[in-house]
Amino acid sequence: MQNKSLKSFALLTLTLILLFGFLFSKSCNSDQILFSSDGPLGAISAKSANMSTAWSGIWQDLNWLGIENPAALPHTSSLFWFILGDDPVSFSKYHVPIALVGLGLSLWVLMRQFGFRHSVCALAAIAAALNMNTFSHSTWGLPSRAWTLASTFLAIAALRSGMNSRPLLKALLAGMAVSNGIMEGFDVGAIFSLYVGAFALFIVLSEPGQFSGIKLGRALLGSGVVAVFAAICAAAALSTLIGTQIKGVAGMEQNEASREQRWDFATMWSLPKAETARVLIPGLFGYRMDTSDGGNYWGSVGQSPGYPTSRHSGSGEYAGTLVLLLACFAVANAFRKKENPYTDFERKCVLFFAGAALVSLLFAWGRHAPFYKLVYSLPYFSTIRNPIKFMHPFHMATLILFGFGLEALFRLYVKDVSAKVSGFKESLSLWWKSASPFEKRWTWGSLLFTGVFLLGSLIYMSSRRDLMAYLAKVGFSETAGEQILAFSFGEIGYAMVFVSIAVLLVIAALSGWFSGKRARLLVIILGVYLAFDLARANQPWIIYYNYKERYASNPIIDFLRQDPHLHRVTARLAPFSDRHFAEGPTAFFAGTANTWLQHHFQYYNIQSLEPVQMPRPPELDKQFFSALVPAGQRSANVLVRMWELSNTRYLLGDRQFLASVPQQLDPGKDRFRIVQTFDMSPKPVVPAEKLTLDDLQWGLKEDGRFALMEFTGALPRFKLYPTWTIATNDQETLNQLASPTFDPHQNVFIHSNIPVSQQPATNFNENVAIKNYSSKEIELTVSNNIPAVLLYNDKYAPNWKLQVNGQPQELLRANFIMRGIFLPVGTHTVAMRYSQPMTGLYISILGISAGIIVLLSLVFSRK
């Protein structure tokens, strides 16, 4: 039996590799990589993300004033990073298909633990690997979602296996799998862990016999072992997430007022009830925002309240018509009184996962239904953004139910020996005469559903006028609306075909026609159907681009990449805003600026004032930013003070717009000058109507429409001050920093007592030079003839440790958010090193090592 399982597993692995090798064949082209929104090549190529130093935390020095990011974690993605040679290009090419293959194999393992036949396990694995929810998230830049779901399948498999032997050891394995899901998926992994914990309780409580205190105790013990060992193995993730994403983060307070304040922001990504139809019809509401030929998303996921034209969709929800049909078949069979294909435990499992799917869907509706409010009020649930994340466990449960439905179909209707019937019609007629009431009800019910679906589809397609009016209301032009409806109607047409085929396939299987030698034919037909249906639907999510062309440099980038750690650049009036130094005819430059910010500046390690990804700004950052943007009594001139304090030396935008900045925001000071003027031109042999940002080339031009402007008034990255002011009130300090009467070049605020008297600065001599720089390690040489404070214009964080002349010293907070260092008279070597606490990582490594030992002992102790 083991040999047969190994052969089945190997054949499935080969099948998935061939399937994904076809789907992702462009990865073999040397200049092509897979699009990634949340993990672009530029971001993972940045020096700050170097895996060799990321285990002690990541200090993202390329955006804002510095951002504290979670440390690298000992999970599956890290393993594949090293296997792929610590190479960002290879990682971008191959990680997604590898993760999806791993996902399919993990469901195969789970199905085998339920004792299902190899063909059922293989078909379920194909459905899991191509499931659009995980597929779309992975190709969007989050293959960690695939590993999280795979970990959940393995955790459930370990718990199911523990029912037969060694439950404690299997619970430890389940905990280790859960920890990998948490480290990969963070809050998504935490959501999945709740379902694993519920299943751990379920398998004990579902045992034969009456409910008792002993049974409850055993159930709680098993669930507790999973939870505790998961916490041990995931200690690295828990410690780094609490330290960087919760502690000190604005709006993370756990009180009623704070939760209400966060409600709109936290629930923007909710699944509208009408868009639940995307589970059955993949492109009904489109795909990505930029999908061509009318495939762009037009639903309301990510819509800000009161702004009907705003939307966002980075994921799809298609489960597959056959998957949904057989999942329903599994649930229907669980209520079957006669000829029930399931054991009592299996029947309970079907009901458990059906309940999990239903609850997940209700929560995924988020603000569009009252159910999510129930969990939102629980501790720390309000820190989770996007209720649509509950669609992940919905698809997990649906895939498991699909496996149960397939197994029921094969157990009852695909016999080892077929009846001696000449043809399909005769087989169908003979079966119908003796069909059970359940079979007839299912047949009539599925045919009725098909009829209603076809009728509903025709009604939808006849509503063109109303749909066009809606599309116009939410911001689409008439031409775009026509394209969108043509695409949507096309997807309806595909759905009608696939639904009809799926229903007829199941009815044919019910008739017993696929018994005997035809059983293998049924497996092949179902496998081809699944692969074609899901792969076709997933095709719009697979986007490749020529990374050598996209990341090509230009004279502006070449200029900014010189000593980038000594200055910042901005392309927006204020960070965290969406207004650029361009408007009117040159407003399109905002798209280029955003592309440079999120891709090129990361790739070339250019430091900018704008944050790229900072959905949860720390309270310190929020207060500093809020004090230095125009509001109330503060005029627009305060923006210059923001640039001044933040070492923002260069502004990038429309030349005429920038030329107006000195007069409007900094009159009479002569602190701005144009450094370069430039313009764009289309690349050769690219039709004008098909131009994209990748098809533009930027070069210097004397009368160019765009410019790089230098702000000479910006503070340098480091500066010595012989005079300082002790800050005793944070709000008053912010008011002073924003005040036009304060001169940041002459004085600095220090938020600690310095036990040294200030001396007259009449003959102050200073010399400061940077000796070494990396994102997490900075070394300066300083000499000063009177006591002074060294201001380093990067964000203060407790995890930065300071040494002066090799001796530890307290790092001070200066100018509310920056770093300050007190230096007595003399020549000094100043070293700052960033490191998050490593205790959690060491605990994780010990826990995972123990889990691997448990796994090996179980493998080698089997007969």
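Please read all numbers here as calculations on a predicted model, not as lab measurements. (Residues numbered from 1 in each chain as written. Predicted model: local features only at pLDDT ≥ 70, side-chain atom pairs only at ≥ 80, totals over all residues. Heavy atoms only, no water.)

Peer 1: Tell me about the pattern of salt bridges, residues and numbers included.
Peer 2: In total, this model carries 31 salt bridges according to the counting rule given. Two residues, Glu407 and Arg117, come together in a salt bridge whose shortest N-O distance is 3.4 Å. Note that Glu407 is positioned in helix α17 (residues 391-413) and Arg117 in the loop between α5 (88-113) and α6 (118-129), a separation of 290 residues in sequence. Judged by relative accessible area, which is 3%, Glu407 ranks as buried. Of the residues examined, Arg117 reaches a relative accessible area of 30% and is grouped as partly exposed. Between Asp679 and Arg705 there is a salt bridge, with its nearest N and O atoms 3.0 Å apart. In this pair, Asp679 is assigned in strand β7 (residues 672-682) and Arg705 in the loop between β8 (696-700) and β9 (706-711), connecting sequence segments 26 residues apart. Salt bridges sharing common partners tie together Arg641, Glu644, Asp666, Lys669 and Arg671. (Salt bridge = Lys/Arg side-chain N within 4 Å of Asp/Glu carboxyl O. Helix = DSSP H or I, 4+ residues; strand = E, 2+ residues; numbered from the N terminus. Buried < 20%, exposed > 50% of the residue type's maximum accessible area, 1.4 Å probe, protein only.)

Peer 1: So what's going on with the sheet that holds strand β14 (residues 777-784)? Residues and values would help.
Peer 2: Strand order in this open sheet of five strands is β13-β14-β20-β16-β17, and the pairing throughout is antiparallel. Of all strands in the sheet, those with a lone pairing partner are β13 (766-774) and β17 (807-809), marking the two edges. On average, adjacent strands in this sheet sit at an angle of 25 degrees to one another, irrespective of strand direction. (Pairing = 2+ DSSP bridges. Axes fitted to C-alpha atoms, helices over the stretch in contact; angles between N-to-C directions.)

Peer 1: Just give me the short version of unusual backbone geometry, but keep the residues and values in it.
Peer 2: Within the chain, Asn386 stands out as a residue other than glycine whose phi angle is a positive 75 degrees. Here Asn386 is to be found in the loop between α16 (372-376) and α17.

Peer 1: Account for the packing of helix α10 (residues 187-205) against helix α15 (residues 344-364), with residues named and values stated.
Peer 2: The N-to-C vectors of α10 and α15 enclose an angle of 155 degrees; their axes lie 12 Å apart at closest approach. Between α10 and α15, the crossing angle belongs to the class labelled roughly antiparallel. Crossing of α10 over α15 shows right-handed handedness. Of α15, the residues touching α10 (which contributes Tyr195, Ala198, Phe199, Phe202 and Ile203) are Phe345, Lys348, Cys349, Phe352, Phe353, Ala356 and Ser360. Partitioned by chemical class, the residues of the contact of α10 with α15 number ten nonpolar, one polar and one charged. (Parallel < 35°, antiparallel > 145°, perpendicular 65-115°, else oblique. Left-handed = near helix turned anticlockwise from the far one by under 90°. Contact = heavy atoms within 4.5 Å. Nonpolar A, V, L, I, M, F, W, Y, C, P; charged D, E, K, R; others polar.)

Peer 1: Please provide a residue-by-residue account of the sheet that holds β8, values included.
Peer 2: As summarised here, the arrangement of the five strands in space is β5-β6-β9-β7-β8, forming an open sheet in which the pairing is mixed. What marks the edges here is a single partner per strand, and that holds for β5 (568-570) and β8. The sheet shows a mean angle of 25 degrees between the axes of neighbouring strands, direction not considered. As judged from the five bridges shared by β7 and β8, these two strands associate in the antiparallel manner. Looking across to β8, one finds that Ser681 is bridged to Gln697. Together, β5, β6 (648-654), β7 and β9 form the strand contacts of helix α27 (residues 638-645), whose direction differs from that of β9 by roughly 70 degrees. The strands touched by helix α28 (residues 655-665) within the sheet are β6, β7 and β9, with β6 carrying the most contacts at an inclination of about 135 degrees.

Peer 1: Give a detailed account of a nonpolar patch on the surface, specifying residues and quantitative values.
Peer 2: A contiguous nonpolar patch, built from Ile852, Leu855, Leu856, Val859 and Phe860 and spanning about 490 Å² of accessible area, is present on the exposed surface. You can see Ile852 is positioned in helix α30 (residues 839-861). (Patch = residues over 30% accessible without salt bridge, like charges linked within 9 Å, V, L, I, M, F, W, Y side chains within 5 Å. Areas by Shrake-Rupley, 256 points an atom, 1.4 Å probe, with all protein chains shown as cover.)

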